[in-house]
Amino acid sequence: MRELALNILDIAENSLAAGAKLIEIALFVDFEKDEMRIAIKDDGCGMDEDTLARVTDPFTTSRTTRPVGMGVPLFKYSAESAGGTFFIASEKGKGTTVTATYCISHVDRMPLGDFGGVILQLITMNEGVDFYISVESSGRVGALDTREVRGILGDVSFREPEVRAFLREYIQENLVSIYGGRL
């Protein structure tokens, strides 16, 4: 993968496959400490200890279409090769949390990419799932909770062109005002 947003999409798709009804995605940026943290948390089916111990091995996958699962191993590699860390915790029946940190200035850190576009796609294509997206940098915080948006919209679909356009603009405005598009 060439950008971290695609790693986020892949991990979120794992959450969806695990039956998650709430997926939380957090992006924290501290330019002074030269650190970026990405966390994805879900309330899906979780993993037992054996699966959790093997999940960073590319030859461990729950897919039946092919014997290789690269999402989690690539996310781990992207963090560690950019001077960061990777952590995954899971409990059967309760969900999974994946956290990756990056040294922002590291030469091997992939660009964040189209984070806003990935979030928009996840929200509009998975209306039966709730998302809580938070972005924080330099004391500025932005959040988008689809439960609140759904409460305002009622039965109106996130896929409606006007709603989708509003969400796109809202997400982009918040990202630019919070971390200035510097990633």
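The protein chain carries the name histidine kinase in an unreviewed UniProt entry, which gives Candidatus Borkfalkia excrementavium as its organism. Its UniProt record, at the heading Catalytic activity (unreviewed entry), says of the protein chain: "ATP + protein L-histidine = ADP + protein N-phospho-L-histidine."

With that out of the way, let us pick up the pattern of salt bridges. The full count for this structure, using the stated rule, is seven salt bridges. Among the ionic pairs, Glu127 bridges to Arg159, the shortest N-O distance being 3.9 Å. With a gap of 32 residues between them, Glu127 in the loop between helix H4 (115-125) and strand S5 (130-137) and Arg159 in the loop between helix H5 (146-153) and helix H6 (161-179) connect regions that are remote in the sequence. Looking at Glu127, the relative accessible area reads 26%, which means it is partly exposed.

Let us now look at H6. In a regular helix each residue adds 1.5 Å, so 19 residues correspond to 27 Å; H6 covers 27 Å between its end C-alpha atoms and thus fits that length. Those residues of H6 not exposed but buried are Val163, Leu167, Ile171, Leu175, Ile178 and Tyr179. Looking down the long axis of H6, one finds its buried residues gathered within 95° of arc, a one-sided arrangement. With respect to the buried face of H6, the exposed residues turned more than 90 degrees away are Pro161, Glu162, Phe166 and Val176. Contact partners of the buried residues in H6: strand S1 (22-30), H4, S5, strand S6 (140-145) and H5.

Turning next to the environment of Leu175. Of note, Leu175 is situated in helix H6. Classification of Leu175 by relative accessible area gives buried; the value is 5%. When the C-alpha positions of Leu175 and Phe115 are compared, they lie 8.8 Å apart, and in sequence the two are 60 residues distant.

Cut-off values and rules
- Here the residue numbers are simple positions, counted from 1 along each chain's written sequence.
- In keeping with the model being predicted, local features are shown solely for residues with a pLDDT of at least 70 and side-chain atom pairs are shown and tallied solely at 80 or more, while totals for entire chains, interfaces and linings include all residues.
- Only heavy atoms go into the side-chain values, all of them from the structure, while hydrogens and water stay out.
- UniProt positions are given in the numbering used here, feature names are shortened, and annotations may be inferred rather than shown by experiment.
- Salt bridges are counted wherever a side-chain nitrogen of Lys or Arg sits within 4 Å of a carboxyl oxygen of Asp or Glu.
- A run of DSSP states H or I qualifies as a helix once it reaches four residues; a run of E qualifies as a strand once it reaches two. Both are numbered from the N-terminal end.
- Throughout, exposure labels follow a simple rule: accessible area from a 1.4 Å probe, protein chains only, divided by the maximum for the residue type, with under 20% read as buried, over 50% as exposed, and the rest as partly exposed.
- Multiply 1.5 Å by the residue count of a helix minus one, and that product is the helix's expected span.
- It is the directions from the helix axis to the C-beta atoms that the arc portrays.
- Here, two residues are considered to be in contact whenever any of their heavy atoms come within 4.5 Å of each other.

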